[in-house]
Amino acid sequence: MTETAPDTTAPSSTTAPTLRFCPSPTGTPHVGMIRTALFNWAQARHTGGAFVFRIEDTDAARDSEESYAAIIESLRWLGLDWDEGIDVGGPNGPYRQSQRSEIYAEVIEKLKAGGYLYPSFSTPEEIEARNVVAGRPKQMGYDNAERDLTAEEIAAFEAEGRAPVWRLRMPEEDLTFDDLIRGEVTFKAGSVPDYVVVRADGKPLYTLVNPVDDALMGVTQVLRGEDLLSSTPRQIALYRALVELGIAAQVPEFGHMPLVRGEGNKSFSKRDPESDLFHHRERGFIPEGLLNYLALLGWAIGPDRDVFTMAELVEAFDVRDVNPNPAQFDLQKAEAINAQHLRMLAPEDFRARLVPYLAAAGLVSAHEDEALTEREREILDDAAPLVQERMTLLGEAPDMLGFLFVADGALEIDDDARKTLKDGATEVLDAAVAALESLPGDAFATAAIEAALREAIVGGLGVKPRLAFGPLRVAVSGRRVSPPLFESMEILGRDSTLTRLRSLREELAAS
């Protein structure tokens, strides 16, 4: 769809809210960013409103196309669709700030003409010196000293070669708004100084372009992190100016979501592996499980209930129910919820989702379920149901199922599995080989395998049932713990099973 640049007049107001997700492409998508996207998406879908996705890429030094592509990929993978914006188009494009310079220039001129912006020539050193003389704390910053410069004073500064930044006039009364999550919030008059919205080189700052984009795209609810709460009075002041100029239809409602913290209630650093969205995908989280858990970081669907579908989230979500207290990312709980969602998948869906992880480990020939060989598909059809109730992450598939795909001679026995082989393992292996040799290929099925082995080992050797089959599991899978043994033998087939049993027997005899 073609993106058409809008004019700078206020969009018409609608009853259903419009929300937006507007990340900066400065790194790998992290769980805090995705939680923000999720809550905005859920609020839009719950209310029947619109969800806009745009990119704030005006920081050329930090922005990257790689990060831009990764953000889009993350939303696509998670299934967080949008109604307007990147790749979708709409009436208010372009949807990358780097392509909207002419729009911002027009708005800046209107703000200047309306007297909402004024030129400021003071250097940081001059501002600090004035604060010292006035006994003001340094953290108060700018002192609003240049609000009423005369034409002669402006000309004198320009004659010195100074180029001004442009500041927005903050209101001189208390600024109060009703936060959708935190209730009434008030910033006292004078607590927020006039702030810069245009650099000396004429380029707008984020403090201007973000509200301008919201205004022109008809955004009516802004949900963002609590770390941005202190900047909200600045945005509201600018919105009021945009409303008075006819550029914005209204000042949007704000909701400031709790921050996501890491282990030990510490700030969740972008460098923390647990904050990296793709790290979780690589480990085998599925979108349904990860989104379910992220929704719990500040919100709950009901008492004593943690697992729900995205459809149930959309039906129940209301931003006013979000808890304002900080939320802690608990990896163990996230994994437990993911495991529940794996069990909820239809068998054929679960099987198909295993394929990319098996392919990445070199165990199958293709990353797509449809491209598997006939034998690979046959193995996976039979094996997937054996592990669906046992897996926590899809990334466990190579370890759990790898033995079914490797050649008999390539099977490696784990050290911890080898340590379980006690005295008597050779007798157990001998009895198993003898018992299974008596089964013809067409009778080599789970029930017959189990009956033959129980008779030979439990009955014939007198080995306790809980100890009887350990050596067989090690021989067949190379692991101490594996999918159900007799079913695994059936999948491998008579020849491979006997080959593996004999191989371990020979190794033990030679040691």
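Residues numbered from 1 in each chain as written. Predicted model: local features only at pLDDT ≥ 70, side-chain atom pairs only at ≥ 80, totals over all residues. Heavy atoms only, no water.

Undergrad: Tell me about the environment of G255, and name the residues and values.
TA: Summarising the element assignment, G255 is placed in strand β10 (residues 253-257). Taking the relative accessible area as the measure of exposure, G255 reaches 0% and is therefore buried. Separated by 29 residues in the primary sequence, G255 and E226 place their C-alpha atoms 8.4 Å from one another. For G255, the residues in contact, after removing those within four places along its chain, are D179, L180, I181, V222, L223 and R224. (Helix = DSSP H or I, 4+ residues; strand = E, 2+ residues; numbered from the N terminus. Buried < 20%, exposed > 50% of the residue type's maximum accessible area, 1.4 Å probe, protein only. Contact = heavy atoms within 4.5 Å.)

Undergrad: I'd love a proper account of the sheet that holds strand β5 (residues 165-168), names of residues and values included.
TA: Strand order in the open sheet formed by three strands is β4-β5-β8, with antiparallel pairing between adjacent strands. The open sheet has two free edges, formed respectively by β4 (117-120) and β8 (195-198), since each of these has just one partner strand. Across the sheet, the mean angle separating the axes of adjacent strands is 50° when strand polarity is ignored. (Pairing = 2+ DSSP bridges. Axes fitted to C-alpha atoms, helices over the stretch in contact; angles between N-to-C directions.)

Undergrad: Lay out the packing of aromatic side chains with the relevant residues and their values.
TA: For any pair of aromatic rings, the description rests on two quantities: the centre-to-centre distance and the angle between the ring planes. One pass over the full model with this rule turns up 10 aromatic pairs. Aromatic pair Y239 and F254: ring centres 6.2 Å apart, planes at 65°, arrangement edge-to-face. Of the two residues, Y239 is situated in helix α7 (residues 232-244) and F254 in strand β10; the sequence distance between them amounts to 15 residues. Judged by relative accessible area, which is 1%, Y239 ranks as buried. When the centroid spacing of 5.2 Å and the interplanar angle of 85° are considered together, the rings of F469 and F486 count as edge-to-face. In this pair, F469 sits in the loop between α18 (465-468) and α19 (470-477) while F486 sits in helix α20 (residues 485-492), placing the two residues 17 residues apart along the sequence. Here F469 and F486 have matching classes, each one buried. Residue placement shows R167 over the ring face of Y142; its charged tip is 3.6 Å from the ring centre. Stacked on the ring of W77, the Lys or Arg R281 has its end atom at 5.5 Å from the ring centre. (Phe/Tyr/Trp six-rings, centres within 6.5 Å; stacked < 30°, edge-to-face > 60°. Lys NZ or Arg CZ within 6 Å of the ring centre and 35° of its normal.)

Undergrad: Explain helix α21 (residues 494-510) residue by residue, including any values.
TA: With 17 residues, α21 extends 24 Å from end C-alpha to end C-alpha; this agrees with the ideal 24 Å at 1.5 Å per step. Burial in α21 covers these residues: S496, T497, L498, R500, L501 and L504. On its buried face, α21 is in contact with α14 (397-405), α16 (425-437), α19 and α20. (Expected span 1.5 Å × (residues − 1).)

Undergrad: Could you give me a rundown of the environment of K422, with the residues and numbers involved?
TA: Tracing the backbone shows K422 in the loop between α15 (415-418) and α16. Taking the relative accessible area as the measure of exposure, K422 reaches 60% and is therefore exposed. Between the C-alpha atom of K422 and that of G470, which follows or precedes it by 48 residues, the distance is 9.6 Å.

Undergrad: Talk me through the sheet that holds strand β1 (residues 18-21); I want residue IDs and the actual numbers.
TA: Strand order in the open sheet formed by three strands is β1-β2-β3, and the pairing between neighbours is parallel. One side of each edge strand has no neighbouring strand; the edge strands of this open sheet are β1 and β3 (84-85). Inspection of the sheet shows β1 paired to strand β2 (residues 50-53) by four bridges, in the parallel sense. For L19, the partnering residue across the bridge sits in β2 and is F51.

Undergrad: Pulling in residues and values, what's your account of the nonpolar core?
TA: Core analysis: the largest hydrophobic core is formed by 91 residues, its most contacted members being L38, F53, L111, L242, L313 and F329. The element that contributes the greatest number of residues to this core is helix α1 (residues 31-47), accounting for nine residues. Apart from residues no more than four positions distant in its own chain, L111 is found in contact with Y116, L117, L208, L238, A241, L242 and L245. Ranked by size, the runner-up nonpolar core spans 59 residues in total, among them L380, L404, I413 and L421. (Core = buried A, V, L, I, M, F, W, Y, C linked by side-chain atoms within 4.5 Å.)

Undergrad: Tell me what's going on with unusual backbone geometry, and back it up with residues and numbers.
TA: The phi torsion of most residues other than glycine is negative, and most of the peptide bonds are trans. The step from G93 to P94 runs through a cis peptide bond, and the omega angle for that step is -5°. Positive phi is not limited to glycine here, since N144 has a value of about 60°. Mapped onto the fold, N144 is located in the loop between α4 (124-134) and α5 (151-159). With relative accessibility at 25%, the residue N144 sits in the partly exposed group. One non-glycine residue with positive phi stands out, namely D304, at about 60°. On the secondary structure map, D304 appears in the loop between α9 (287-295) and α10 (310-316). By relative accessible area, which is 87% here, D304 ends up exposed.

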